[in-house]
Amino acid sequence: MGPANRKKKKQKEEEKKKSQEIEDKMKKDLENQNKKIKLLVLGTGESGKSTFLKQLMILYKGGFGKQDKALYTTTIRSNLIGHTKILIDAINELGIEVKSKSKKIMREFYEMEYYSSEDLTENVQSQITTLWQDPGFKEAYDRRSEFQLPDTANFYLNNCERISDPKFEPTQEDILLCRIPTTGVNVIQFTVDDRPWQVVDVGGQRSERRKWIHQFDDVSIVLYVVATSEYNQKLYEDQTVNRMHESLILFDQTANSDLFKEKNCVVLFNKIDLLKQKIKNIDLKVCFPEYTSGKNYEQACEFIKQKFLEVGRNTKRTIFTHFTCATDTENMRGVFDAVTTTVLEAELKKDGYI
């Protein structure tokens, strides 16, 4: 075979190889396009994981229908009664003084055993409104770090009359603030730009975490939610454990486990609206004695972020961070866009394109 023929043969082989590479790439792209992205949402109880899922329902599943709203109506009204009972317990426990009229209502509240949404009659609504106007109840609310009270209590108590109305239909904000502890596993599926997504949320309380292991297969990316405002609060399950400390320990256990040590992770620093208000009065030093920047919101945010980045020290993956308020829908849209970009970049890197 002469030089010209050898050159021609080599060109054909190179063209065939290039054609095969293009075909393989197209096949791989098609597989990626059809491959489901699995996002695992982790974090301690009360961090805001379920609120993130509700936002995805709003953004990609058309929001909440009549049946959903009916269920949330029941839960919201039960939350309102529950918040009131927690405050009554706290007032009794802390020895806070209230008006004589409030004392009478407090006794009746327990004698009548108000529990469910059906108990929220016009009379009960009037009682709750009277209690909430009592300075003693406001004092108890201000001392809520000394007992367990959901962050949404203030909102629902301020809207007691509207929520109690027989014609009440929850708004998007009402639903986002509704507190339903996650038990078991919640999964939502949707499609974005022709790509299927599966988002999995598991209960954050200690008793629920043993169920996490069953959700670890085929995870594309982990979203870990941190409640930044809980630096001076204790766990529901253990009144001796600081919530922020627990969140750091749990992040260490999950992010650095063999299952996730090479998975990219997004840490969502949530409830910054509450942090911004709280840091004005309560120094981050109550949680981290080594913190020395005082009651400064920006410095507190940076310190908390660095604490989590130090824990997620593994160098085989990237940890992305976002400060947010999970009840802000547009903010959540930006967060999810960032998560999507992170997943796609990881796929391109894995396939050798970047």
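Residues numbered from 1 in each chain as written. Predicted model: local features only at pLDDT ≥ 70, side-chain atom pairs only at ≥ 80, totals over all residues. Heavy atoms only, no water.

In the nomenclature of an unreviewed UniProt entry, the protein chain is known as Guanine nucleotide-binding protein g(O) subunit alpha of Anaeramoeba flamelloides.

A. Broad picture of the overall build of the protein chain. For the protein chain, the count of helices and strands is 13 helices and six strands. The contacts in the protein chain between residues at least 6 apart in sequence include a share of 73% that link residues at least 24 apart. Total accessible area on the protein chain is roughly 18900 Å²; 49% of this is exposed by carbon and sulfur atoms. (Helix = DSSP H or I, 4+ residues; strand = E, 2+ residues; numbered from the N terminus. Contact = heavy atoms within 4.5 Å. Areas by Shrake-Rupley, 256 points an atom, 1.4 Å probe, with all protein chains shown as cover.)

B. Fine view of the confidence of the model for the protein chain. Scored by pLDDT, the protein chain comes out at a mean of 84, with 82% of its residues at no less than 70. Within the protein chain, the element-level pLDDT minimum falls on helix 1 (residues 3-34), averaging 56, and the maximum on helix 12 (residues 297-311), averaging 95. (pLDDT = per-residue confidence, 0-100.)

C. Main features of the nonpolar core. Leu39, Phe52, Leu87, Phe137, Trp197 and Leu223 are the most contacted members of the largest nonpolar core, which has 59 residues in total. For this core, the element with the highest residue contribution is helix 3 (residues 66-94), accounting for eight residues. Lining this core are residues from two domains, each supplying at least three of them: domain 1 (40-63 + 182-338) and domain 2 (66-177). If near-sequence neighbours (up to four positions away) are discounted, Trp197 is found in contact with Lys36, Ile37, Leu39, Ile188, Gln189, Phe190, Val192, Phe336, Val339, Thr340 and Val343. (Core = buried A, V, L, I, M, F, W, Y, C linked by side-chain atoms within 4.5 Å. Buried < 20%, exposed > 50% of the residue type's maximum accessible area, 1.4 Å probe, protein only. Domains from an automatic or database assignment.)

D. The sheet that holds strand 2 (residues 185-192), seen in detail. A sheet is described by the order of its strands in space; here six strands give the open sequence 2-3-1-4-5-6, paired in mixed fashion. One side of each edge strand has no neighbouring strand; the edge strands of this open sheet are strand 2 and strand 6 (319-323). When strand polarity is set aside, the average angle formed by the axes of neighbouring strands in this sheet is 20°. Pairing of strand 4 (residues 221-227) with strand 5 (residues 265-270), which is carried by six bridges, proceeds in the parallel orientation. In the strand pairing of strand 5, Val226 is matched with Phe269. Strands in contact with helix 2 (residues 49-60) are strand 1 (37-43), strand 2, strand 3 (195-202), strand 4 and strand 5; relative to strand 2, the strand with the most contacts, it is inclined by about 30°. Against the sheet, helix 10 (residues 243-255) contacts strand 1, strand 4, strand 5 and strand 6, and its axis sits at roughly 170° relative to strand 4. (Pairing = 2+ DSSP bridges. Axes fitted to C-alpha atoms, helices over the stretch in contact; angles between N-to-C directions.)

E. Focus on the UniProt feature "binding site: Mg(2+)" (unreviewed entry) in the protein chain. Per the UniProt record, "binding site: Mg(2+)" (unreviewed entry) is annotated on Ser50 and Thr182. With respect to the secondary-structure elements, Ser50 resides in helix 2. (UniProt positions renumbered as here; feature names shortened; annotations may be inferred.)

F. Broad picture of the pattern of salt bridges. With the rule as written, the count across this model stands at 12 salt bridges. For the salt bridge of Glu169 with Lys69, the shortest nitrogen-to-oxygen distance reads 3.4 Å. Remark: Lys69 occurs in helix 3 and Glu169 occurs in the loop between helix 8 (160-164) and helix 9 (172-177); sequence separation between them is 100 residues. What makes Lys69 partly exposed here is its relative accessible area of 24%. With a shortest N-O distance of 2.5 Å, Glu290 and Lys307 are connected by a salt bridge. Of this pair, Glu290 sits in the loop between helix 11 (272-278) and helix 12 while Lys307 sits in helix 12; the two residues are 17 residues apart in sequence, bridging distant segments of the chain. (Salt bridge = Lys/Arg side-chain N within 4 Å of Asp/Glu carboxyl O.)

G. Structural detail: helix 5 (residues 122-133). For helix 5, with 12 residues, the first-to-last C-alpha span of 17 Å sits near the 16 Å given by 1.5 Å per residue. Every buried residue of helix 5 is accounted for by Val124, Gln125, Gln127, Ile128, Thr130, Leu131 and Trp132. Of the surrounding elements, those touching the buried residues of helix 5 are helix 3, helix 4 (100-111), helix 6 (135-142), helix 7 (153-158) and helix 8. (Expected span 1.5 Å × (residues − 1).)

H. Molecular detail of the packing of aromatic side chains. As enumerated under the stated definition, the model contains 15 aromatic pairs in all. Residues Phe64 and Tyr72 carry aromatic rings whose centres are separated by 5.7 Å and whose planes lie at 80° to one another, so their mutual orientation is edge-to-face. With a relative accessible area of 16%, Phe64 lands in the buried category. Following the ring pairs from residue to residue traces out a cluster consisting of Tyr224, Phe251, Phe269, Phe308 and Phe323. (Phe/Tyr/Trp six-rings, centres within 6.5 Å; stacked < 30°, edge-to-face > 60°.)

I. Main features of the environment of Asn186. Residue placement: Asn186 occurs in strand 2. With 13 residues separating them along the chain, Asn186 and Val199 place their C-alpha atoms 8.3 Å apart.

J. Spotlight on the environment of Phe251. Tracing the sequence through the fold places Phe251 in helix 10. Overall, Phe251 belongs to the buried group, its relative accessible area being 1%. When the C-alpha positions of Phe251 and Gly312 are compared, they lie 7.5 Å apart, and in sequence the two are 61 residues distant. In this structure, Phe251 is in contact with Tyr224, Asn256, Cys265, Val267, Phe308, Val311, Gly312 and Ile319, ignoring residues within four places of it in sequence.

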